[in-house]
Every structure is written in C-alpha cells, then in structure tokens.
Amino acid sequence: MAASTYDTDNAFFSANLEDDVLVVRDKKHVIRHTTDLTVTDAFFDYVEGVARDPRIRAVVFFGSPDKPGGLETAQFYQMVLSSRREHYALERLFNLINTYTVALTGMDKITVRAECGRISSFHLNMGLACDYRIVTDDAIFENAAAELGLVTKGGGAYFLSRLIGYKAASEVLLWNRFSAEEALNLGIVDRVAPRGKLDDETMRFARSQLSRPISTLIGVRKLLKTDVDALKKSLATEDLLIHNRVNHPDFAQDLDRYLQGQTEG
C-alpha cells in the first residue's frame, strides 16, 4: 500500500493510514517532549489535519508496550523541579494536554485507545478522552499522582465522573494502582484482550464500530460525555491544583521518596 500524507514517525508517535482507519502508535517517552515548541507545533498541525479529513473515519491509538507507567510522570516533575524555568515546563505540558484533550473529544471520528503493560494516569486519561478503551489482561494502571499528592492531568475527574459516576470516580482517582479486571468491572475499559492478540482484537473492534452509523455514535458521545466548556474548566482547575502542589515545600521531598521507592522496587 502506498504511503499516505498521514504516515509519519515523530517524537510522539508513528502513524499509518489503513484504508479509512488511522493507526497511531505512541513512543515510549511522550511527556519529555512537551516543552519543545517545534515538536508540539508540528504535532498540533498533524492533529488538526486528521480532524478535518473526512476520509479518516476512525483513529486507533496504541500505547507503547514498554512505557514506564507512573514513573514517567514522577520523572517529569523531577525535571520540572530541577529546571530554572519550572513555570514554563508546566505550562507547556498543560497546554499540550489541554489542547489535545479538547481536540480529541471533538473529533467527528470513532476513537479507540489500546494499552498494555504499565499504564500511567496520564495515559488512562488519554484513553478516557476516546470513545472506547481496550487493554491487555496483564495491564496495570499506576497513579503516581495519588502517591505524590497531585491530581491527575488530562481530564480524568471530568471523564470518570460521567463514565462511572461521582462516587466510583472519586475512589478510583485516589487508588495508587488497579488491574485490568478491576477496570473492566468498573466500566472504565470496554474490553480486555490477551497480550498477544491486542492489535488484532482492537482493529477488529474498530472495524465493527464503523459498520454502525457513525453520526449516531458521535452524537451520543457529545450528548453524554462532552460538555466542552465544563471540560475546559476542569482542565484549568487541574492546572491550578498541580501548580499549588508542585510549589508546596513538601513536594520535593515526597517526590524523592517516591522515586527512591521505585528504584528499590
């Protein structure tokens, strides 16, 4: 098959167009690139092009199989604290995640996220912004934010409260980690697949959704899950809460303790 204009390999992901489905595969370390303006500007240009193109009817996102889970989040905040431009690093992260989250929920396309291995709260939130989520049976969700006294970044509270209800969402957001089975039972993910069959089952699932009226599926999503003004307000509140916590005098010590525990573990 000839390469399309959407076939790419950049700092954040690689992607290729398979007929009317764009398949996106995350790189191992995503957060570390959020402060590079050249990289993020190119990323947003790509996302806007995908959103506008009617030939793309679905986007399937595959998380990196060897990503470091919650450790990546902690390492980013370690970098923030050691930087002379702490405020800049946080703002670049917030801008990328906020803009991407709003764009993803507004796409007139079916979106599916597939994950395996260690799944950080950041990657979970990117999945919650999608229409459907599929994980492997050995997947573990890791919430470093809860262990560091932070809130998760990426709309987790907004999406979870609408997906599983306020009470269950408030509990999940405080968990340090939980399994694929627990996520399925709660309704956070739609399917659990064997590790070796994730790609096939995800693509089959995406194709099955395209056999239904897409306008109805997207309409239901917008009615039930996407109040753009409320989402933006929630994302802005996350920014404020994270800023306050990172600037607290106890945060650096708690971060060092968490990283030391990860190394010893």
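Since the model is a prediction, treat every value here as computed from it, not as a measurement.

Undergrad: Would you explain the sheet that holds strand E8 (residues 140-142) in this entry?
TA: Adjacent strands of a sheet form backbone hydrogen bonds with each other and so pair up, either parallel or antiparallel. Read across the sheet, 3 strands follow the order E6-E8-E9 without closing on themselves; strand pairing throughout is mixed. Lying at the two open borders of the sheet, with one neighbouring strand each, are strand E6 (118-120) and strand E9 (177-179). Averaged over all pairs of adjacent strands, the angle between strand axes in this sheet comes to 25 degrees, irrespective of strand direction. With 3 bridges connecting them, E6 and E8 associate as parallel partners. The partner of Arg 118 across the bridge, within E8, is Ile 140.

Undergrad: Mind showing me how you'd approach the packing of helix H2 (residues 70-82) against helix H12 (residues 251-264) here?
TA: Helix-helix packing is described using two parameters, namely the angle between the two axes and the distance between the axes. Running from N to C, H2 and H12 point in directions that differ by 140 degrees, and their axes come no closer than 10 Å. The angle between H2 and H12 falls in the class oblique. Seen from above, H2 lies across H12 with left-handed handedness. Seen from H2, the contacting residues are Gly 70, Leu 71, Ala 74, Gln 75, Tyr 77, Gln 78 and Leu 81; seen from H12, they are Phe 251, Ala 252, Leu 255, Tyr 258, Leu 259 and Gln 262. Split by residue class, the contact of H2 with H12 holds 9 nonpolar, 4 polar and no charged.

Undergrad: Explain the sheet that holds strand E10 (residues 191-193) to me, please; I cannot follow it from the model alone.
TA: As summarised here, the arrangement of the 7 strands in space is E1-E2-E3-E4-E5-E7-E10, forming an open sheet in which the pairing is mixed. Two strands in the sheet have a free side with no partner beyond their single neighbour: strand E1 (8-9) and E10. By the bridge criterion, 4 bridges tie strand E5 (residues 110-115) to strand E7 (residues 132-136) in an arrangement that is parallel. Among the inter-strand pairings, Glu 115 is bridged to a residue of E7, identified as Val 135. Set on the sheet, helix H4 (residues 121-128) makes contact with strand E3 (21-26), E5 and E7; between it and E5 the angle comes to about 155 degrees.

Undergrad: Looking at this model, I keep getting lost on the packing of aromatic side chains. Mind explaining?
TA: Pairs of aromatic rings are described using the distance from one ring centre to the other and the angle between the two planes. For the coordinates displayed, the defined rule picks out 12 aromatic pairs. Seen in terms of ring centroids, Phe 13 and Phe 43 are 5.9 Å apart; in terms of plane orientation they differ by 65 degrees. Their pairing is edge-to-face. In this pair, Phe 13 is assigned in strand E2 (residues 13-18) and Phe 43 in helix H1 (residues 37-52), connecting sequence segments 30 residues apart. Given a relative accessible area of 6%, Phe 13 falls into the buried group. An aromatic cluster is present here, built from Tyr 6, Phe 12, Phe 13, Phe 43, Phe 44, Tyr 46 and Tyr 100 joined pairwise through their rings.

Undergrad: Whenever I open this one, a nonpolar patch on the surface confuses me. Can you help?
TA: Together, Val 220, Leu 223 and Leu 224 make up a nonpolar patch on the protein surface, roughly 350 Å² of accessible area in all. Looking at where Val 220 falls in the secondary structure, it is placed in helix H10 (residues 214-224). Here Val 220 falls in the partly exposed class, since its relative accessible area comes to 40%.

Undergrad: Can you help me understand the pattern of salt bridges in this one?
TA: Charged atoms that come close allow side chains of opposite charge to pair. For the coordinates displayed, the defined rule picks out 20 salt bridges. Each of Asp 19, Asp 20, Arg 57 and Arg 207 takes part in one network of salt bridges that share partners.

Undergrad: Teacher, can you tell me more about the pairing of E7 here?
TA: Each regular strand shows side chains that alternate between the opposite faces of the sheet. Along E7, 5 of the 5 residues are buried, which leaves the element largely enclosed by surrounding structure. The alternating pattern of E7 places Tyr 132, Ile 134 and Thr 136 and Arg 133 and Val 135 on opposite faces, both of which are buried. Inspection of the sheet shows E7 paired to E10 by 3 bridges, in the parallel sense. In the strand pairing of E10, Thr 136 is matched with Ala 193.

Criteria and thresholds
- Numbering of residues starts from 1 in each chain and follows the order in which that chain's sequence is written.
- Given that the model is predicted, a residue must reach a pLDDT of at least 70 before its local features are reported, and side-chain atom pairs must reach 80 or more before they are shown or counted; all residues, however, enter totals for whole chains, interfaces and linings.
- With hydrogens and water set aside, each side-chain value is computed from the structure's full complement of heavy atoms.
- Here, strands pair whenever DSSP counts at least two bridges between them.
- In this text, helices come from DSSP runs of H or I with a minimum length of four residues, and strands from runs of E with a minimum of two, each type numbered from the N-terminal end.
- Each axis is a line fitted through C-alpha atoms, taken for helices only over the stretch in contact, and angles between the N-to-C directions span 0 to 180 degrees.
- Roughly parallel means an angle under 35 degrees; roughly antiparallel means over 145; roughly perpendicular covers 65 to 115; every other angle is labelled oblique.
- It is the rotation of the near helix from the far one that decides the hand of a crossing: anticlockwise by less than a right angle makes it left-handed, clockwise makes it right-handed.
- Any two residues whose heavy atoms approach within 4.5 Å at even a single point are treated as in contact.
- Each residue receives one of three labels: charged for Asp, Glu, Lys and Arg, nonpolar for Ala, Val, Leu, Ile, Met, Phe, Trp, Tyr, Cys and Pro, and polar for the others, Gly being one of them.
- Pairing of aromatic side chains here covers Phe, Tyr and the six-membered ring of Trp, requires ring centres within 6.5 Å, and sorts the geometry by plane angle: under 30 degrees stacked, over 60 edge-to-face, intermediate tilted.
- Exposure categories follow from relative accessible area, calculated using a 1.4 Å probe and restricted to protein chains: below 20% of the type maximum is buried, above 50% is exposed, and the middle band is partly exposed.
- Like-charged residues are merged into a patch within 9 Å and nonpolar side chains (Val, Leu, Ile, Met, Phe, Trp, Tyr) within 5 Å, provided each residue has over 30% relative accessible area and no salt bridge.
- Using the Shrake-Rupley algorithm and a 1.4 Å probe, accessible areas are obtained, with residue cover drawn only from the displayed protein chains.
- By definition here, a salt bridge exists when the distance from a side-chain nitrogen of Lys or Arg to a carboxyl oxygen of Asp or Glu is within 4 Å.

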